[in-house]
Amino acid sequence: MSYQVWLAYMLACWVISISPGAGAIASMSSGLNYGFRRGYWNALGLQVALLLQIGIVAAGVGVLFATTPWAFLVVKWFGVLYLLYLAYLQWNAAPQSIEIQQEQPDKSIAKLVLHGFLVNLSNPKAIVFLLAVLPQFLDLSKPQWIQYLIMAITMITIDLIVMAGYTGLAAKVLRLLKSPKQQKYMNRTFAILFSCAAGLLSLISHQ
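Asker: It is not clear to me how the overall build of the chain should be interpreted in this structure. Could you clarify?
Answerer: Across its full length, the chain holds 9 helices and 0 strands. Overall, the chain shows an N-to-C arrangement of helices and strands of α-α-α-α-α-α-α-α-α. Counting across all 207 residues of the chain, residues that qualify as buried make up 44%.

Asker: Explain a nonpolar patch on the surface to me, please; I cannot follow it from the model alone.
Answerer: A cluster of nonpolar side chains, L52, I56, L114, L118 and L121, forms an exposed patch at the surface whose accessible area comes to about 430 Å². Elements with a minimum of two residues in the nonpolar patch: α3 (41-67) and α5 (109-121). Top element by residues in the nonpolar patch is α5. It accounts for 3 residues. For L121, a relative accessible area of 38% translates into the label partly exposed.

Asker: Can you help me understand the nonpolar core in this one?
Answerer: Most often, soluble globular proteins have nonpolar side chains that are buried together. Of all hydrophobic cores here, the largest spans 36 residues; its most connected members are I54, L134, F137, Y148, M151 and M155. When residues of this core are traced back to their parent elements, those giving at least two are α1 (3-18), α2 (22-39), α3, α6 (124-133) and α7 (144-168). Element by element, the count of residues in this core is highest for α7, at 9 residues. Those residues within four positions of M155 in sequence are excluded, and the remaining contacts are Y9, C13, I16, L50, I54, L130 and L134.

Asker: Help me understand the packing of α2 against α7 in this model?
Answerer: For any two helices packed against each other, the geometry comes down to the angle between their axes and how far apart the axes lie. One can describe the packing of α2 onto α7 by two numbers: an axis separation of 6 Å at closest approach and a directional angle of 70 degrees. Taken together, the axes of α2 and α7 lie roughly perpendicular to each other. By crossing handedness, the relation of α2 to α7 is classed as right-handed. Listed contacts from α7 to G23, A24, S27, M28, G31, G35, F36 and G39 of α2 are M163, A164, Y166, T167 and G168. Across the contact of α2 with α7, the residue classes tally to 6 nonpolar, 7 polar and no charged.

Asker: What is the right way to read α1 from this model?
Answerer: Note that an α-helix has 3.6 residues per turn; residues three or four places apart therefore point the same way. A rise of 1.5 Å per residue sets the reference length of α1, with its 16 residues, at 22 Å; its end C-alpha atoms lie 23 Å apart and thus fit the reference within 8%. When we look at burial in α1, the residues that qualify are V5, A8, Y9, M10, A12, C13, V15 and S17.

Asker: How do you make sense of the packing of aromatic side chains when you look at a structure like this?
Answerer: Aromatic ring pairs are reported here in terms of the distance separating the ring centres and the angle at which the planes meet. Going through the model one piece at a time under the given rule, you end up with 2 aromatic pairs. Taken together, a centroid distance of 5.2 Å and an interplanar angle of 70 degrees make the contact between Y9 and F137 edge-to-face. Of this pair, Y9 sits in helix α1 while F137 sits in the loop between α6 and α7, and the two are 128 residues apart along the sequence. Measuring from ring centre to ring centre gives 5.2 Å for F36 and Y40, while their planes differ by 20 degrees; the resulting arrangement is stacked.

Asker: Please explain the packing of α2 against α5 as it appears in this structure.
Answerer: Here α2 crosses α5 at 170 degrees, and the two axes come no closer than 10 Å. Taken together, the axis directions place α2 and α5 in an arrangement best described as roughly antiparallel. On α5, the residues that touch A22, G23, A26, S30, Y34 and R38 of α2 are I109, L112, H115 and V119. Classifying every residue of the contact of α2 with α5 gives 6 nonpolar, 3 polar and 1 charged.

Asker: Even after reading the chapter, I still don't get the side chain of S27, so can you show me in this structure?
Answerer: The topology assignment puts S27 in helix α2. Apart from residues no more than four positions distant in its own chain, S27 is found in contact with N42, L46, M163, Y166 and T167.

Asker: Got a minute to help me understand α2 in this structure?
Answerer: Over its 18 residues, α2 extends only 15 Å from the first C-alpha to the last, a length that falls short of the 26 Å expected when each residue adds 1.5 Å. Residue N33 marks the point of greatest curvature in α2, where the axis turns by about 100 degrees. Those residues of α2 lying buried are G23, A24, A26, S27, M28, S29, S30, G31, N33, Y34 and G39.

Asker: I tried to follow the environment of L51 on my own but got confused; where do I start?
Answerer: Looking at where L51 falls in the secondary structure, it is placed in helix α3. Dropping the residues within four chain positions of it, L51 is found in contact with A152 and I156.

Asker: Just to check I follow, could you spell out the environment of G116 for this structure?
Answerer: Among the secondary structure elements, G116 is positioned in helix α5. The class of G116 is buried, set by a relative accessible area of 0%. Taking C-alpha positions, G116 is 4.5 Å from L46, a pair spaced 70 residues apart along the chain. Non-local contacts of G116, meaning those with residues more than four positions away in its chain, are made with N42, G45 and L46.

Cut-offs applied
Residues numbered from 1 in each chain as written. Predicted model: local features only at pLDDT ≥ 70, side-chain atom pairs only at ≥ 80, totals over all residues. Heavy atoms only, no water. Helix = DSSP H or I, 4+ residues; strand = E, 2+ residues; numbered from the N terminus. Buried < 20%, exposed > 50% of the residue type's maximum accessible area, 1.4 Å probe, protein only. Patch = residues over 30% accessible without salt bridge, like charges linked within 9 Å, V, L, I, M, F, W, Y side chains within 5 Å. Areas by Shrake-Rupley, 256 points an atom, 1.4 Å probe, with all protein chains shown as cover. Salt bridge = Lys/Arg side-chain N within 4 Å of Asp/Glu carboxyl O. Core = buried A, V, L, I, M, F, W, Y, C linked by side-chain atoms within 4.5 Å. Contact = heavy atoms within 4.5 Å. Axes fitted to C-alpha atoms, helices over the stretch in contact; angles between N-to-C directions. Parallel < 35°, antiparallel > 145°, perpendicular 65-115°, else oblique. Left-handed = near helix turned anticlockwise from the far one by under 90°. Nonpolar A, V, L, I, M, F, W, Y, C, P; charged D, E, K, R; others polar. Expected span 1.5 Å × (residues − 1). Phe/Tyr/Trp six-rings, centres within 6.5 Å; stacked < 30°, edge-to-face > 60°. Bend = angle between axes of the 7 residues up to and from the residue.

Structure representation (structure tokens):
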């Protein structure tokens, strides 16, 4: 993986992580209920599940590319179309009422980690998303496992930083998400970013 490809991948990771989803809501909930130092353990659970999902995608894609020469193009354009589909959904998404219930601070660290793990693991869209994005940045002339390791470290590091922000700024972020006008602006901003990411992926060629 060249530096230029890694840089493009890193930028895509920021877009993916910052875009509000189940992990962000779980992080905000933990921050509101338990404070940053305790609530941040939820983010660790999110990353354990993410690492497992990346491993599943890496194993499956490795076999597919090794046995099917034209699979790269199929996966590539699937990724482009999927990102454009996400952009369409994000642009047209209606503002939603987001309620986070206050809980009693009695969860152990182990339970917080498990909660984060289950939030990410139970999201089938995560696997589809990773399958649509990760293979696009592979250099097939080099060992894939090293590249997937680099991508996993990059994505997990960025996601930990982003979830730290969601956990620590929970109340402010929640107020932003509760405003229909702000939600609309935010949704359309991410729609544009997803479209840009799709354009970037379409330019990547089989190496």
